[in-house]
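Coordinate inspection notes
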Amino acid sequence: MQELVSAEWLKGELGKPDLVVFDATYYLPNEPQDAQALFLEAHIPGARFFDVNEVADPETNLPHMAPTAGRAARLLGQLGIANSSRVVFYDQKGLFSAARGWWLLRLFGHERVAVLDGGLPKWRTEGGELAHGAASAPRAQTFWADFIAARLAGIGDVKRAVASRSAQIIDARSPGRFDGTAPEPRPGLPSGHMPGACNVPATALLAPDQTMLPPEVLRELFARAGVDGSKPTITSCGTGITACVVALGLVRAGLPEPAVYDGSWTEWAARPETPKEKSA
């Protein structure tokens, strides 16, 4: 599967037995929205809700960290995903947290996964049908997880990358949060960035209709930030959500796939030993 699929494509594929569709919407702590309640109000027919806080590691106080392979296999199977499934994620914003679902499945070796370009807003604009109420319970499947370590970066990996400049760290947060001039959405967390990181806001990869920019435009955008594929890349953000949007953008641009720093700035900023910088 291509990493992005259109609303038109999805209309033609809905209902096929190997296709599984998820609403993977996640709202930031400062956004007064209930993703699951909004799913009940309107969703793509046949879709089920994918909770990024549930398909996660329950043993850490960091938000929605990637689960172990064993937990991933169990939960993804319970959600109705088999290794033969084609999986499409979308979200209610356009293209935000759906990329997190895309990355999680790829982290555990599932390549038949895509993001709906433009998400639910684009689906609505193009006249896609909507369903309401609770989704039907999935039929449990067997999912074999093949963990791909190169797609995940831990804090130790990032510390080494910062110290040696052996990898390019791409921060997907807004310029103000990166520079240290705007607050973080989580109370008590300082803004700023890791030394040597560059800022490519996830929103910069999107057109006004929330679809992702064409590959050649993405390559130019990354090149202006100093990202040309000549060294390994690590994407980061606040909590590992929009870092996955940038990972998706790199893949779409034809650049080497990065590792996603799952703990991202929430982990880095909270650790007293990690270096932090501000641009202002």
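The preceding data block contains the structure.
Residues numbered from 1 in each chain as written. Predicted model: local features only at pLDDT ≥ 70, side-chain atom pairs only at ≥ 80, totals over all residues. Heavy atoms only, no water.

Turning next to the environment of W265. By the element assignment, W265 lies in helix α10 (residues 264–270). Relative accessible area serves as the criterion here: at 0%, W265 is assigned to the buried category. Remark: the alpha-carbon pair of W265 and F178, spanning 87 residues in sequence, is separated by 9.7 Å. (Helix = DSSP H or I, 4+ residues; strand = E, 2+ residues; numbered from the N terminus. Buried < 20%, exposed > 50% of the residue type's maximum accessible area, 1.4 Å probe, protein only.)

Moving on, we come to the sheet that holds strand β3 (residues 48–49). Taken in spatial order, the five strands make up an open sheet running β1-β5-β4-β2-β3, and their pairing is parallel. The open sheet terminates on both sides in strands that have one partner only, identified here as β1 (4–5) and β3. Sheet topology note: the strand β2 (residues 19–23)/β3 ladder contains two bridges and is parallel. Bridging from a neighbouring strand, F22 pairs with R48 of β3. (Pairing = 2+ DSSP bridges.)

All right, on to the packing of helix α8 (residues 215–224) against helix α9 (residues 242–252) then. Taken N-terminus to C-terminus, the directions of α8 and α9 make an angle of 115 degrees; their axes are 8 Å apart at the nearest point. Judged by the sense of rotation from one axis to the other, the crossing of α8 with α9 is left-handed. Between α8 and α9, the contacting residues are P215, L218 and F222 on the first element and V246, G249, L250 and R252 on the second. Of the residues belonging to the contact of α8 with α9, the class tally is five nonpolar, one polar and one charged. (Axes fitted to C-alpha atoms, helices over the stretch in contact; angles between N-to-C directions. Left-handed = near helix turned anticlockwise from the far one by under 90°. Contact = heavy atoms within 4.5 Å. Nonpolar A, V, L, I, M, F, W, Y, C, P; charged D, E, K, R; others polar.)

In this section: the pattern of salt bridges. Two side chains carrying opposite charge are able to pair once their charged atoms lie near each other. In this structure the tally under the stated criterion is 19 salt bridges. Across the pair E13 and K16 runs a salt bridge, and its minimum N-O distance is 3.2 Å. For E257, the salt bridge goes to R106, with nearest N and O atoms at 2.5 Å. You can see E257 sitting in the loop between α9 and β10 (259–261) and its partner R106 sitting in helix α4 (residues 98–107), a full 151 residues away along the chain. Classification of E257 by relative accessible area gives partly exposed; the value is 27%. On the accessibility criterion, R106 (10% relative accessible area) is buried. (Salt bridge = Lys/Arg side-chain N within 4 Å of Asp/Glu carboxyl O.)

So, on to the packing of aromatic side chains. Considering all chains together, one arrives at five aromatic pairs under this definition. Between F39 and F49 the ring centres are 5.8 Å apart and the planes differ by 65 degrees, which places this aromatic pair in the edge-to-face class. Residue F39 is located in helix α2 (residues 35–41), and its partner F49 is located in strand β3; the two are separated by ten residues in the primary sequence. Here F39 and F49 have matching classes, each one buried. Judged by centre distance (6.1 Å) and plane angle (45 degrees), the ring pair of F108 and F147 falls under tilted. On the criterion of sequence distance, the pair formed by F108 in the loop between α4 and β5 (113–116) and F147 in the loop between α5 (119–125) and β6 (152–153) is long-range, its members being 39 residues apart. What makes F108 buried here is its relative accessible area of 1%. The ring of F96 is capped by K93, whose NZ or CZ atom sits 3.6 Å from the centre of that ring. (Phe/Tyr/Trp six-rings, centres within 6.5 Å; stacked < 30°, edge-to-face > 60°. Lys NZ or Arg CZ within 6 Å of the ring centre and 35° of its normal.)

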